[in-house]
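Chain by chain, the residues:
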Number of protein chains: 2
Amino acid sequence: MTKTKHFMELALAEAQAAGARDEVPIGAVVVLDNVVVGKAGNRTRELNDVTAHAEIAAIRMACEALGQERLTGADLYVTLEPCTMCAAAISFARIRRLYYGAEDPKGGAVDNGVRFYGQPTCHHAPEVYSGIAEKDAANLLTTFFQMKRTEG
Amino acid sequence: MTKTKHFMELALAEAQAAGARDEVPIGAVVVLDNVVVGKAGNRTRELNDVTAHAEIAAIRMACEALGQERLTGADLYVTLEPCTMCAAAISFARIRRLYYGAEDPKGGAVDNGVRFYGQPTCHHAPEVYSGIAEKDAANLLTTFFQMKRTEG
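The model shown is predicted, which means the values in this text are computed figures rather than measured ones.

Now for the overall build of chain A. A count of helices and strands for chain A gives 5 helices and 5 strands. Tracing chain A from N to C terminus, the helices and strands come up as α-β-β-α-α-β-α-β-β-α. For 152 residues, the compact-globule formula gives about 15 Å, and the C-alpha radius of gyration of chain A, at 14 Å, lands near that figure. Overall, the C-alpha framework of chain A stretches about 45 × 35 × 30 Å when taken along its three principal axes. Across the 152 residues of chain A, 53% fall into the buried class. Counted over contacts in chain A with a minimum sequence separation of 6, partners at least 24 positions apart contribute 54%. In chain A, 16 side chains carry a positive charge and 19 a negative one; their mean positions are 1 Å apart.

Right under this line is the structure:
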């Protein structure tokens, strides 16, 4: 298994764990020098915090673990295309490479929506790699929302 | 003094306090039914957290205080035009009205940059009122960065 696939598998595991907690199943890991320094699933419901998306939770964890404000040289793996808030947070954290799974035409901000990394108000853009394990990532979300509709 | 001016004064006080802690002097307050339910200055350096902008810190405080994920009906006062990350967080939190002081052509995302609230991927837009105490808000930032350059 390639490193990329390995780290995306870890992000998928975080997404699955989030779903099991009744959170929208999205997961993220932050990797520096091949070591996972932050990992999280969506925690918005648990924490009553709309900013606790997987990417931001993982970035916060990494910054806390490393005792630094920025994550220069670190890579972020996330199962879904980051939203506008997270795309900007990833830029502020100086993430080197962003790997994401499924695209999000409704809420994404990397290859959809505001395409933040191509904007003049974006002062650091990561390299972006998309479509990694996208079917698994998308299936997790589809199943989750199907189940929600059945419950409702 | 109008209510608007009063709450912006509180945001300015948070900005000043942030500057005194050597943080970029930006402040925010969240108000629900004329009561301040969250207030914060920038805390990125203190917390080693690039997401700890004044708006996000104030929103998190308000959500924690109220024990809820969204702030429907609440208003947010902030001394500077929100950045892309915060503009999206304000939308996610369902803030009713956004009052801001100075514009930020370099990093703003409301009346500059990605103008998030006019985008199809924005699913809730607050009413926006700008230019409130903008000179005081801008002066705080100008003085702070002038001092930084002198120190450097």
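With 32 residues of chain B in contact, the opposing surface of chain A contributes 32 residues. Here chain B packs against chain A, burying approximately 2,400 Å² in sum over the two surfaces, 66% of which is carbon and sulfur. When the buried area of chain B at its contact with chain A is split by residue, Asn48, Val50 and Glu69 of chain B rank highest and sum to 26% of it. Inspection of the region where chain B meets chain A yields 2 salt bridges. Across the pair Asp49 of chain B and Arg60 of chain A runs a salt bridge whose closest N-O atoms are separated by 3.1 Å. There are 10 residue pairs in polar contact (both at pLDDT 80 or more) connecting chain B and chain A. Counting residues per element, the side of chain B that touches chain A draws most heavily on helix 4 (residues 84–92) of chain B, at 5 residues. Looking at side-chain class alone, the side of chain B that touches chain A contains 13 nonpolar, 13 polar and 6 charged residues.

Expressed as a screw transformation, the operator carrying chain B onto chain A has a rotation angle of 180° and an axial translation of 0.0 Å, and the superposed copies differ by an RMSD of 0.0 Å. Look at the turn and shift together and you get a two-fold axis relating the two. No C-alpha of chain B approaches the rotation axis more nearly than that of Met85 of chain B, which lies at 2.0 Å. Taken as a fraction of all interface residues of chain B, those also at the interface in chain A reach 100%, which identifies the copy contact as same-surface.

Once that is clear, we can look at the sheet that holds strand 5 (residues 127–130) of chain A. Residue and element names in this part refer to chain A. Strands sit in the order 2-1-3-4-5 across an open sheet of 5 strands; the sheet is mixed. Lying at the two open borders of the sheet, with one neighbouring strand each, are strand 2 (35–41) and strand 5. Across this sheet, the average inter-strand angle for adjacent strands is 15°, counted without regard to direction. Note that strand 1 (residues 27–32) and strand 2 share 6 bridges and pair antiparallel. Each bridged residue has a counterpart across the sheet, and for Val29 the counterpart in strand 2 is Lys39.

Right, let's talk about unusual backbone geometry for a bit. Within the chain, Asp33 of chain A stands out as a residue other than glycine whose phi angle is a positive 50°. Mapped onto the secondary structure, Asp33 of chain A falls in the loop between strand 1 and strand 2. Exposure remark for Asp33 of chain A: the relative accessible area of 66% places this residue in the exposed category. The backbone of Arg115 of chain B shows a phi angle near 40°, a positive value even though the residue is not glycine. In this structure, Arg115 of chain B sits in the loop between strand 4 (97–102) and strand 5 (127–129).

Reading the values: the criteria
In every chain, residue numbers begin from 1 and rise along the written sequence. Chain labels run from A onward and ligand labels from 1 onward, assigned in the order the entries are written. For this predicted model, a pLDDT threshold of at least 70 governs which residues receive local features, and a threshold of 80 or more governs which side-chain atom pairs are given and counted, while totals over whole chains, interfaces and linings are taken from all residues. By convention in this description, side-chain values take in all heavy atoms of the structure and omit both hydrogens and water. Under the scheme used here, helices are H or I runs from DSSP no shorter than 4 residues and strands are E runs no shorter than 2 residues, and both carry numbers assigned from the N terminus. The quantity called the radius of gyration is restricted to C-alpha atoms. Its globule counterpart is 2.2 Å times the number of residues to the power 0.38. Throughout this description, buried means an accessible area under 20% of the type-specific maximum (1.4 Å probe, protein chains only), exposed means over 50%, and partly exposed covers the range between. In what follows, residue pairs with any heavy atoms lying within 4.5 Å of each other are defined as contacts. Only four residue types enter the tally: Lys and Arg on the positive side, Asp and Glu on the negative side; His and the chain ends are excluded. In plain terms, the charge of a residue is placed at NZ if it is Lys, CZ if Arg, CG if Asp and CD if Glu. Defined here as a combined quantity, buried area equals the accessible surface (1.4 Å probe) lost by two parts on assembly, summed across both. By definition here, a salt bridge exists when the distance from a side-chain nitrogen of Lys or Arg to a carboxyl oxygen of Asp or Glu is within 4 Å. A 3.5 Å cut-off defines polar contacts: any pair of N or O atoms within that distance qualifies, except that in protein one atom must be a possible hydrogen donor and the other a possible acceptor, and neighbouring residues in sequence count only when both atoms are side-chain atoms. Any residue outside Ala, Val, Leu, Ile, Met, Phe, Trp, Tyr, Cys, Pro, Asp, Glu, Lys and Arg is labelled polar, Gly included; the first ten of those are nonpolar and the last four are charged. The copies were overlaid by least squares, fitting only the C-alpha atoms of residues that reach a pLDDT of 70 or more in each copy. Should DSSP find at least two bridges between two strands, the strands are taken to pair. Structural elements are reduced to axes, namely lines fitted to C-alpha atoms, with helices fitted over the stretch in contact, and the angle between N-to-C directions of any two is expressed from 0 to 180 degrees.

Spatial relationships are all this shows, so hold off on functional conclusions.
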